[in-house]
Amino acid sequence: MRIELPEEKKLVHQSTIVMRWGDMDAMGHLNNTVYFRYMEIARLDWLMAAGCPINPQGEGVVIANAFCNFIRQLEFPAEVLVRTYVSKPGRSSFDTWAVMERSDQPGVVHATGGATVVWVDFPRQKSMPLPDELRRLVS
């Protein structure tokens, strides 16, 4: 099943991630699990840059679901450009989307994906309303 990214989404961040030799699998391309790690790195880079760091003793985001559409293989060596988008803010959650390309092949999409993130109070293990500053960023 392929999940399409919505047309209505807001670009919030771009990250360039250098692919490491150890990120490959036995077939010589980027391991499927690492695509999720790259989306996580990009999402956390955005949250940190936006002034919304994760605080395990306080508040932050958790992933409610995640997916990845593998379109073209990424092979070493590569710098992977990850564009992070957001949409659909709710009371305590919003959707994030990612598009991955090689930085030396602009416009050639290798993977797309996304995740629904929920803002939580970690000590209480309960969702809570998005902070006002974060809500402004995702709206």
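Note that this is a predicted model, so its numbers are computed, not measured.

Student: Would you take a moment to explain the pattern of salt bridges for this structure?
Tutor: One side chain can pair with another of opposite charge once the charged atoms of both are near each other. According to the stated counting rule, one finds five salt bridges in the structure shown. The partner of Arg 2 in a salt bridge is Glu 4, with the nearest N and O atoms 3.4 Å apart. Both residues of the pair, Arg 2 and Glu 4, count as exposed. Notably, a salt bridge pairs Arg 102 with Asp 104, separated by 2.9 Å at the nearest N-O pair. Judged by its relative accessible area of 13%, Arg 102 is buried.

Student: Is there a simple way to explain the packing of aromatic side chains in this structure?
Tutor: Geometrically, a pair of aromatic rings is defined through the distance of the ring centres and the angle of the planes. Considering all chains together, one arrives at four aromatic pairs under this definition. With a centroid separation of 5.0 Å and 80 degrees between ring planes, the pair formed by Tyr 35 and Phe 70 is classed as edge-to-face. In this pair, Tyr 35 sits in helix α1 (residues 32-49) while Phe 70 sits in strand β2 (residues 59-70), placing the two residues 35 residues apart along the sequence. For Tyr 35, a relative accessible area of 3% translates into the label buried. Ring centres of Phe 67 and Trp 97 lie 6.1 Å apart, and the angle between their planes is 65 degrees; on these two criteria the pair is classed as edge-to-face. Here Trp 97 lies in strand β4 (residues 93-102) and Phe 67 lies in strand β2, a separation of 30 residues in the sequence. One Lys or Arg, Lys 9, reaches over the ring of Tyr 85 and ends 5.0 Å from the middle of that ring.

Student: When you look at the pairing of strand β3 (residues 79-87) in this model, what are you seeing that I'm missing?
Tutor: Counting buried positions over the nine residues of β3 gives seven, a clear majority of the element. Note that strand β1 (residues 10-18) and β3 share eight bridges and pair antiparallel. Directly across from Leu 11, in β3, lies its bridge partner Tyr 85. In the sheet, β3 pairs with β4 via eight bridges, with the strands oriented antiparallel. Residue pairing for β4: Val 86 is matched across the bridge by Thr 96. With antiparallel pairing between neighbouring strands as the criterion, β3 and β4 make up a hairpin whose turn holds five residues, including Lys 88 at a positive phi of roughly 55 degrees.

About the thresholds
Residues numbered from 1 in each chain as written. Predicted model: local features only at pLDDT ≥ 70, side-chain atom pairs only at ≥ 80, totals over all residues. Heavy atoms only, no water. Salt bridge = Lys/Arg side-chain N within 4 Å of Asp/Glu carboxyl O. Buried < 20%, exposed > 50% of the residue type's maximum accessible area, 1.4 Å probe, protein only. Phe/Tyr/Trp six-rings, centres within 6.5 Å; stacked < 30°, edge-to-face > 60°. Helix = DSSP H or I, 4+ residues; strand = E, 2+ residues; numbered from the N terminus. Lys NZ or Arg CZ within 6 Å of the ring centre and 35° of its normal. Pairing = 2+ DSSP bridges.

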